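In case you want the letters, here they are:
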Amino acid sequence: MRHLKAFHVFHIAAESSSYSVTADKLHITHGAVSKQIKLLETYLSLPLFYKKGRGMVLTPDGELLKQYTNVAFDALDQGIIKLRSTKNNYLEISCEPTLTMRWLMPRLSDYYNLSGTDIRLSTAGGPITLGEAGLSMAIRRDDFDIPSDYVVQKLVEEWVGPVCSKEYWNKVQHDYSNITLLHSKTRPSAWNNWLMKSNNGIHLNKSNQSFDHFYFCLQAAADGLGAAIGSYPLVADDLTNGRLVAPFGFILSGHNYVLLRQSSELGTKDEHFQHWLKNKLSKCVPDN
């Protein structure tokens, strides 16, 4: 908008009927006020004030313009108040990518409707420096060394087990040697760990296919390319809707999903989100 500064000076001067008072409020000189009013009068080709005694009085055109500037600057003030009130109405949360996409994101709209707090997600796994990254908290699988000054809130124990599509299981269930093992580079030992811990006498073949990320590995299982070791929260929705089956059930992996933060004191939004997250995730365990 052209001459916004001049309109603002006029707005203050119209309220005070004094160039001197306007100068004091805006921390400028009397001459600067006069200059901005003259600039505006030239721009509009209209007189806005006339001098009466020691004060300045609005002309009829000035009175009309005052009505418009009152509306405009009142709206601007309300907008600033609203922006300030919502400035911190969000939390910056880091979450493991696969947990973000397969479990957390589908539930965030419910949380927003409940709390009015926007959750701004960044996706990453493993170690993180919360303060330097400008993050309130981080949701992680506790498979790395967590700094001693972090507060660790256990959310849920991790249960794992082989998952595949129902159609794929129908093809291979009578001959386990036909099962293609789907691996991810981010969890390269998942199959070996499950085979050792499950202790069920199952011996699978060594037909393998590897993916760069765990998310792709689970997607491949849902698409019928083989069987992957699924972490329960990450496959819970697919099990419910029938996209995946877990023919061998689930066992505890020895790890947990945890919430990390640096401060021992929680703000209201932080505490509310932590309570909601733990309540939701702690119930995400297999029936077996």
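Computed from a predicted model, the values in this text were never measured in an experiment.

A.B. asks: Teacher, can you tell me more about empty space enclosed by the protein here?
C.D. replies: Where empty space is left can be seen by rolling a probe of water-molecule size over the atoms. Scanning the entire structure with this criterion turns up two cavities of 30 Å³ or more. If you add up the space inside the largest cavity, you get close to 40 Å³. In terms of lining residues, the largest cavity is bounded by Leu182, His183, Ser184, Arg187, Ala190, Trp191, Phe214, Cys217, Ala228 and Ile229. Looking at the lining of the largest cavity, the elements with two or more residues in it are strand 7 (181-184), helix 8 (190-198), helix 9 (214-222) and strand 9 (227-231).

A.B. asks: Please clarify how the packing of helix 1 (residues 4-16) against helix 3 (residues 30-44) should be interpreted in this entry.
C.D. replies: For any two helices packed against each other, one specifies the inter-axial angle together with the distance between the axes. Interhelical geometry of helix 1 versus helix 3 gives an angle of 110° and a closest axis separation of 9 Å. Classified by the angle between their axes, helix 1 and helix 3 sit roughly perpendicular to one another. In this structure, helix 1 crosses over helix 3, and the sense of that crossing is left-handed. Contact residues: Lys5, Ala6, Phe7, Val9, Phe10 and Ala13 in helix 1; Val33, Gln36, Ile37, Leu39, Leu40 and Tyr43 in helix 3.

A.B. asks: So what exactly am I meant to see when it comes to the packing of helix 5 (residues 97-115) against helix 10 (residues 232-241) here?
C.D. replies: Running from amino to carboxyl end, helix 5 crosses helix 10 at an angle of 55°, the nearest separation of the two axes being 8 Å. When the axis of helix 5 is compared with that of helix 10, the two are oblique. Helix-helix and strand crossings are classified by hand; for helix 5 and helix 10 the assignment is left-handed. Across from Thr98, Leu99, Arg102, Trp103 and Arg107 in helix 5, the residues of helix 10 making contact are Pro233, Leu234, Asp237 and Asp238. For the contact of helix 5 with helix 10, the per-class residue count stands at four nonpolar, one polar and four charged.

A.B. asks: What is the right way to look at the side chain of arginine 102 in this model?
C.D. replies: Of note, arginine 102 is situated in helix 5. A polar side-chain atom of arginine 102 sits 2.7 Å from the main-chain carbonyl oxygen of leucine 234. Those residues in contact with arginine 102, other than ones at most four positions away along the chain, are Arg107, Tyr215, Leu218, Gln219, Leu234, Asp237, Asp238 and Leu244.

A.B. asks: Could you clarify how one ought to interpret the sheet that holds strand 10 (residues 251-261) in this entry?
C.D. replies: Note on sheets: strands pair through backbone hydrogen bonds, and any given pair is parallel or antiparallel. Strand order in the open sheet formed by eight strands is 4-3-5-10-6-9-7-8, and the pairing between neighbours is mixed. Of all strands in the sheet, those with a lone pairing partner are strand 4 (118-123) and strand 8 (208-211), marking the two edges. Each strand of the sheet is rotated relative to its neighbour by a mean of 30°, with strand direction disregarded. Note: strand 7 against strand 8, four bridges, orientation parallel. From the neighbouring strand, histidine 183 faces strand 8, where its bridge partner is serine 210. In the packing of helix 11 (residues 268-282) onto the sheet, the strands contacted are strand 3 (90-95), strand 4, strand 5 (137-141), strand 6 (151-163) and strand 10, and the crossing angle to strand 6 comes to about 25°.

Criteria and thresholds
For every chain, the first residue of the written sequence is number 1, and numbering continues from 1 along that sequence. Given that this is a predicted model, residues contribute local features only at a pLDDT of at least 70 and side-chain atom pairs are listed and counted only at 80 or more, while totals for whole chains, interfaces and linings are drawn from all residues. Based on all heavy atoms of the structure, the side-chain values leave hydrogens and waters out of the count. As defined here, a cavity is a set of points on a 1 Å grid over the protein atoms alone where a 1.4 Å probe fits but cannot get out. A pocket is an open set with protein on both sides within 12 Å along at least five of seven lines, and residues line them when an atom is within 4 Å of a point. Grid points are joined across faces, edges and corners, and a volume is the space filled by probe spheres set on the points. Note on conventions: DSSP H or I runs of at least 4 residues are helices, E runs of at least 2 residues are strands, and numbering of each starts at the N terminus. Every angle, taken between N-to-C directions, lies between 0 and 180 degrees, and every axis is a line fitted to C-alpha atoms, over only the stretch in contact when it is a helix. For classification purposes, angles smaller than 35 degrees are called roughly parallel, those larger than 145 roughly antiparallel, those between 65 and 115 roughly perpendicular, and all remaining angles oblique. Should the near helix be turned anticlockwise from the far one by less than a right angle, the crossing is termed left-handed; should it be turned clockwise, right-handed. Here a residue-residue contact requires only that any non-hydrogen atoms of the pair lie within 4.5 Å. Ten residue types, Ala, Val, Leu, Ile, Met, Phe, Trp, Tyr, Cys and Pro, are classed as nonpolar, four, Asp, Glu, Lys and Arg, as charged, and the remainder, Gly among them, as polar. Side-chain atoms alone can form a polar contact between residues adjacent in sequence; in general such a contact is a pair of N or O atoms within 3.5 Å, and within protein one must be able to donate a hydrogen while the other accepts it. Strand pairing requires that DSSP identify at least two bridges connecting the strands.

Everything listed here is a matter of coordinates, which is why it stays silent on function.
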